[in-house]
Amino acid sequence: MTASANAEVILAVGAINTPQILQLSGIGDGGLLSRLGLPKVKHAPDVGEHLQDHYQARQVYRATKPCTLNDDLRAPRYPDPLHHLSLGT
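Here the residue numbering is sequential within each chain, running from 1 through the sequence in written order. Given that this is a predicted model, residues contribute local features only at a pLDDT of at least 70 and side-chain atom pairs are listed and counted only at 80 or more, while totals for whole chains, interfaces and linings are drawn from all residues. Only heavy atoms go into the side-chain values, all of them from the structure, while hydrogens and water stay out.

Draft legend 1. Structural context of the overall build of the protein. We count a stretch as a helix when DSSP gives it H or I for four or more residues in a row; a strand needs E for two or more, and each element gets its number in order from the N terminus. Broken down by element type, the protein carries 4 helices and 2 strands. Secondary structure of the protein in N-to-C order comes out as α-β-α-β-α-α. Working definition: with a 1.4 Å probe on protein chains only, accessible area under 20% of the residue-type maximum means buried, over 50% means exposed, and in between means partly exposed. Within the protein, the proportion of its 89 residues that are buried is 10%. Two residues qualify as a contact provided that any one of their heavy atoms is within 4.5 Å of a heavy atom in the partner residue. Within the protein, contacts between residues separated by at least 24 positions form 18% of all contacts whose residues are at least 6 apart in sequence. All accessible areas in this document rest on Shrake-Rupley with a 1.4 Å probe, and a residue is counted as covered only by the protein chains that are shown. In the structure as shown, the protein presents an accessible area of about 8700 Å², 55% of it carried by carbon and sulfur atoms.

Below, the structure is given as structure tokens:
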């Protein structure tokens, strides 16, 4: 695939993929690019350096009553006043 532009191009594909695409395009540490057999377009030694994983611990809770944001978003805006009567509550 070949792409061309007549002006600047903004590249943004995430914290991991952006440095990889820049390096594959020849933008990065010149020594690394040479060792990998990639053409050097611009020596930019900081590309791909200092990456850190951002650990996230997902916590899931079960609510025993309808009191969550999900419940609020699912609830009809103007509930049927007879709804509770038909459920016997």
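Anyway, onward from the coordinates.
Draft legend 2. Up close: a nonpolar patch on the surface. Residues form patches when they are more than 30% accessible in relative terms and have no salt bridge. Like charges link within 9 Å. Nonpolar side chains (Val, Leu, Ile, Met, Phe, Trp, Tyr) link within 5 Å. What makes a salt bridge here is a side-chain nitrogen of Lys or Arg within 4 Å of a carboxyl oxygen of Asp or Glu, nothing more. Taken together, the side chains of Leu11, Val13 and Ile21 define a hydrophobic patch exposed on the protein surface, amounting to about 200 Å² of accessible area. Looking at the element boundaries, Leu11 is found in the segment before helix H1 (17-24). Looking at Leu11, the relative accessible area reads 35%, which means it is partly exposed.

Draft legend 3. Focus on H1. Turning to H1, its buried residues number three or more, namely Thr18, Pro19 and Gln23. Across the axial projection of H1, the buried residues extend over an arc of 130 degrees, all falling on one side. In this fold, the buried residues of H1 make contact with strand E1 (27-28) and helix H2 (30-35). A positive backbone phi angle near 95 degrees is found at Gly26, which sits one or two residues after H1. This arc is built from the directions going out from the helix axis to the C-beta atoms.

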